[in-house]
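# Notes for the structure review
Chain by chain, the residues:
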Amino acid sequence: MIRAVLRMGDPRLARKAAPVEKFATPALHALIADMEETMRHLDGAGLAAPQIGVSLRLVIFGVDRNPRYPEAEPVPRTVLINPVLFPLSSATEEAWEGCLSVPGLRGWVPRWSRLRYTGFDACGRPIDRSVAGFHARVVQHECDHLDGILYPMRIRDMSRFGFVEELFSEGSTGAVE
(Lines give C-alpha, C1' and ligand atoms only; values in the text may rest on other atoms or scores of the structure.)
Protein backbone atom coordinates (compact mmCIF):
# COMPACT_ATOMS: atom_id res chain seq x y z
CA MET A 1 0.00 0.00 0.00
CA ILE A 2 1.27 3.47 -0.88
CA ARG A 3 1.47 5.55 2.29
CA ALA A 4 1.30 9.33 2.67
CA VAL A 5 4.74 10.86 3.27
CA LEU A 6 4.93 13.40 6.08
CA ARG A 7 6.26 16.81 5.07
CA MET A 8 8.75 19.09 6.79
CA GLY A 9 6.99 20.85 9.64
CA ASP A 10 5.11 17.77 10.85
CA PRO A 11 6.30 17.28 14.46
CA ARG A 12 6.52 13.50 14.00
CA LEU A 13 9.54 14.03 11.72
CA ALA A 14 11.42 15.74 14.56
CA ARG A 15 11.27 12.80 16.96
CA LYS A 16 13.98 10.24 17.66
CA ALA A 17 12.73 6.83 16.48
CA ALA A 18 12.61 3.75 18.72
CA PRO A 19 14.65 0.62 17.97
CA VAL A 20 12.98 -2.32 16.27
CA GLU A 21 12.77 -5.10 18.84
CA LYS A 22 11.16 -7.96 16.90
CA PHE A 23 12.32 -9.16 13.49
CA ALA A 24 10.64 -11.33 10.84
CA THR A 25 7.12 -10.50 12.01
CA PRO A 26 4.17 -10.15 9.63
CA ALA A 27 3.73 -6.53 10.78
CA LEU A 28 7.37 -5.69 10.04
CA HIS A 29 7.24 -7.33 6.61
CA ALA A 30 4.00 -5.47 5.79
CA LEU A 31 5.57 -2.15 6.86
CA ILE A 32 8.62 -2.78 4.67
CA ALA A 33 6.42 -3.72 1.70
CA ASP A 34 4.44 -0.48 2.14
CA MET A 35 7.67 1.53 2.38
CA GLU A 36 9.05 -0.07 -0.79
CA GLU A 37 5.85 0.57 -2.72
CA THR A 38 5.71 4.17 -1.49
CA MET A 39 9.38 4.80 -2.36
CA ARG A 40 8.98 3.34 -5.87
CA HIS A 41 5.77 5.28 -6.50
CA LEU A 42 7.52 8.57 -5.65
CA ASP A 43 10.84 7.75 -7.41
CA GLY A 44 12.70 7.96 -4.10
CA ALA A 45 16.23 6.76 -3.48
CA GLY A 46 15.31 5.85 0.09
CA LEU A 47 12.66 6.14 2.75
CA ALA A 48 12.72 6.08 6.54
CA ALA A 49 9.84 4.70 8.61
CA PRO A 50 9.33 8.06 10.40
CA GLN A 51 8.55 9.63 7.03
CA ILE A 52 5.33 7.61 6.92
CA GLY A 53 4.54 8.23 10.58
CA VAL A 54 6.10 5.06 12.03
CA SER A 55 8.62 5.93 14.72
CA LEU A 56 10.95 2.94 14.28
CA ARG A 57 14.66 2.79 13.40
CA LEU A 58 14.06 1.33 9.95
CA VAL A 59 15.20 2.66 6.58
CA ILE A 60 15.09 1.29 3.07
CA PHE A 61 17.10 2.48 0.09
CA GLY A 62 18.24 1.42 -3.33
CA VAL A 63 18.72 2.91 -6.77
CA ASP A 64 19.03 1.32 -10.19
CA ARG A 65 17.90 4.18 -12.38
CA ASN A 66 16.13 7.13 -10.87
CA PRO A 67 14.80 10.19 -12.71
CA ARG A 68 15.34 12.31 -9.59
CA TYR A 69 19.05 11.32 -9.53
CA PRO A 70 20.00 10.59 -13.15
CA GLU A 71 23.77 10.75 -12.51
CA ALA A 72 23.74 8.50 -9.43
CA GLU A 73 25.58 5.21 -9.42
CA PRO A 74 23.50 2.13 -8.50
CA VAL A 75 22.91 1.44 -4.81
CA PRO A 76 21.75 -2.05 -3.81
CA ARG A 77 18.21 -2.40 -2.51
CA THR A 78 18.59 -2.61 1.25
CA VAL A 79 16.40 -2.90 4.32
CA LEU A 80 18.43 -1.55 7.24
CA ILE A 81 17.13 -1.84 10.79
CA ASN A 82 18.66 -0.25 13.91
CA PRO A 83 21.56 1.22 11.90
CA VAL A 84 24.81 2.55 13.32
CA LEU A 85 27.11 4.71 11.16
CA PHE A 86 30.88 5.00 11.49
CA PRO A 87 32.83 7.53 9.38
CA LEU A 88 35.91 5.94 7.81
CA SER A 89 37.69 9.30 7.67
CA SER A 90 36.99 12.94 8.47
CA ALA A 91 36.73 13.74 4.74
CA THR A 92 33.42 15.16 3.60
CA GLU A 93 31.94 16.08 0.25
CA GLU A 94 29.03 18.29 -0.65
CA ALA A 95 26.35 17.49 -3.21
CA TRP A 96 22.73 18.23 -4.02
CA GLU A 97 20.10 16.40 -2.00
CA GLY A 98 16.35 16.24 -2.14
CA CYS A 99 13.83 14.54 0.10
CA LEU A 100 10.34 13.13 -0.24
CA SER A 101 9.46 15.04 2.97
CA VAL A 102 10.74 18.31 1.46
CA PRO A 103 9.14 18.06 -2.01
CA GLY A 104 10.30 20.28 -4.84
CA LEU A 105 13.39 21.58 -3.04
CA ARG A 106 17.10 20.74 -3.20
CA GLY A 107 20.04 21.72 -1.04
CA TRP A 108 23.84 21.51 -1.14
CA VAL A 109 24.61 19.19 1.79
CA PRO A 110 27.92 18.05 3.33
CA ARG A 111 28.23 14.34 4.18
CA TRP A 112 31.03 11.97 5.12
CA SER A 113 32.69 10.71 1.95
CA ARG A 114 33.16 7.16 3.20
CA LEU A 115 31.50 5.27 5.99
CA ARG A 116 30.76 1.89 7.45
CA TYR A 117 27.25 1.02 8.49
CA THR A 118 25.95 -1.85 10.54
CA GLY A 119 22.45 -3.00 11.42
CA PHE A 120 20.08 -5.82 10.60
CA ASP A 121 17.86 -6.96 7.75
CA ALA A 122 14.16 -7.78 8.16
CA CYS A 123 14.94 -11.26 9.49
CA GLY A 124 17.47 -10.02 12.05
CA ARG A 125 20.56 -11.04 10.09
CA PRO A 126 23.50 -8.66 10.57
CA ILE A 127 24.53 -6.19 7.87
CA ASP A 128 28.03 -4.67 7.84
CA ARG A 129 29.10 -2.61 4.80
CA SER A 130 31.72 -0.01 3.97
CA VAL A 131 30.59 2.41 1.26
CA ALA A 132 31.40 5.68 -0.48
CA GLY A 133 29.86 8.11 -2.94
CA PHE A 134 26.11 8.27 -3.49
CA HIS A 135 25.57 5.08 -1.47
CA ALA A 136 27.17 6.72 1.59
CA ARG A 137 25.12 9.89 1.04
CA VAL A 138 21.81 8.01 0.81
CA VAL A 139 22.49 6.00 3.98
CA GLN A 140 23.38 9.14 5.94
CA HIS A 141 20.33 11.02 4.64
CA GLU A 142 17.92 8.22 5.55
CA CYS A 143 19.49 7.55 8.95
CA ASP A 144 19.23 11.26 9.80
CA HIS A 145 15.44 10.81 9.68
CA LEU A 146 15.72 8.34 12.57
CA ASP A 147 17.11 11.13 14.75
CA GLY A 148 14.64 13.80 13.64
CA ILE A 149 17.07 15.52 11.25
CA LEU A 150 16.03 16.73 7.80
CA TYR A 151 18.68 17.67 5.25
CA PRO A 152 17.98 21.45 5.33
CA MET A 153 19.32 21.39 8.91
CA ARG A 154 22.73 20.36 7.50
CA ILE A 155 23.00 23.02 4.79
CA ARG A 156 25.87 25.45 5.42
CA ASP A 157 25.02 28.03 2.75
CA MET A 158 21.32 28.78 2.43
CA SER A 159 21.91 30.37 -0.98
CA ARG A 160 22.39 26.74 -2.13
CA PHE A 161 18.86 25.74 -1.06
CA GLY A 162 15.76 26.27 -3.14
CA PHE A 163 13.17 25.01 -5.56
CA VAL A 164 14.45 22.62 -8.21
CA GLU A 165 12.94 24.70 -11.03
CA GLU A 166 14.79 27.81 -9.87
CA LEU A 167 18.12 26.20 -8.98
CA PHE A 168 18.51 24.24 -12.19
CA SER A 169 16.85 26.49 -14.77
CA GLU A 170 18.80 27.89 -17.71
CA GLY A 171 20.90 30.82 -16.62
CA SER A 172 20.68 29.80 -12.97
CA THR A 173 23.84 29.83 -10.87
CA GLY A 174 22.39 27.37 -8.35
CA ALA A 175 23.99 24.26 -9.79
CA VAL A 176 27.76 24.08 -9.93
CA GLU A 177 27.98 20.46 -11.01
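So, here is what we can say about the structure in this document. (Residues numbered from 1 in each chain as written. Predicted model: local features only at pLDDT ≥ 70, side-chain atom pairs only at ≥ 80, totals over all residues. Heavy atoms only, no water.)

## Remarks on the pairing of strand 5 (residues 102–112)
In plain terms, the rule: Note on exposure labels: buried denotes an accessible area under 20% of the residue type's maximum, exposed denotes more than 50%, and partly exposed covers the range between, all computed with a 1.4 Å probe on protein chains only. Helix and strand assignments come from DSSP, with helices taken as H or I runs of at least 4 residues and strands as E runs of at least 2, each series counted from the N terminus. At least two bridges found by DSSP between two strands are what make those strands a pair.
Burial analysis of strand 5 places eight of its 11 residues in the buried class, the great majority of the element. Relative to strand 5, strand 4 (residues 92–99) runs antiparallel, the two sharing seven bridges. Counterpart to Cys-99 in the pairing with strand 5 is Val-102. Bridge count between strand 5 and strand 8 (residues 161–163): three bridges; the pairing is antiparallel. Looking at strand 8, one finds that Gly-107 is bridged to Phe-161.

## Re helix 1 (residues 26–41)
The cut-off we apply is this: Expected span of a helix, by definition, is 1.5 Å for each gap between consecutive residues, and there is one gap fewer than residues. Read the arc as the range of directions from the helix axis to the C-beta atoms. Contact definition: two residues touch when any of their heavy atoms are within 4.5 Å.
The terminal C-alpha atoms of helix 1 lie 22 Å apart, and with 16 residues this matches the ideal 22 Å at 1.5 Å per residue to within 8%. Within helix 1, burial applies to Leu-28, Leu-31, Ile-32, Asp-34, Met-35, Thr-38 and Met-39. Looking straight down helix 1, one finds its buried side chains confined to an arc of 160°; they lie on one side. Opposite the buried face of helix 1, at more than 90 degrees from it, the exposed residues are Pro-26, Arg-40 and His-41. Residues of helix 1 that are buried in the fold lie against strand 1 (46–48), strand 2 (58–63) and strand 3 (75–87). Positioned one or two residues after helix 1, Asp-43 has a phi angle of 55°, which is positive.

## Some remarks on the sheet that holds strand 1
Strands belonging to one sheet form pairs held by backbone hydrogen bonds; the direction of such a pair is parallel or antiparallel. Keep this limit in mind: Helix axes are fitted to C-alpha atoms over the stretch in contact, other axes to C-alpha atoms as well, and angles between N-to-C directions run from 0 to 180 degrees.
Across the sheet, which stays open at both edges, the five strands sit in the order 1-2-3-6-7 with antiparallel pairing between neighbours. One side of each edge strand has no neighbouring strand; the edge strands of this open sheet are strand 1 and strand 7 (126–132). Strand-to-strand, the axes of this sheet are offset by a mean angle of 35°, without reference to chain direction. The sheet contact formed by strand 3 and strand 6 (residues 114–120) spans five bridges and is antiparallel. Counted as the bridge partner of Leu-85 is Tyr-117 from strand 6. Of the strands in this sheet, strand 1, strand 2 and strand 3 are in contact with helix 1, which crosses strand 2 at around 40°. Strand contacts of helix 2 (residues 133–145): strand 1, strand 2, strand 3, strand 6 and strand 7, with the helix running at about 70° to strand 3, the strand carrying the most contacts.

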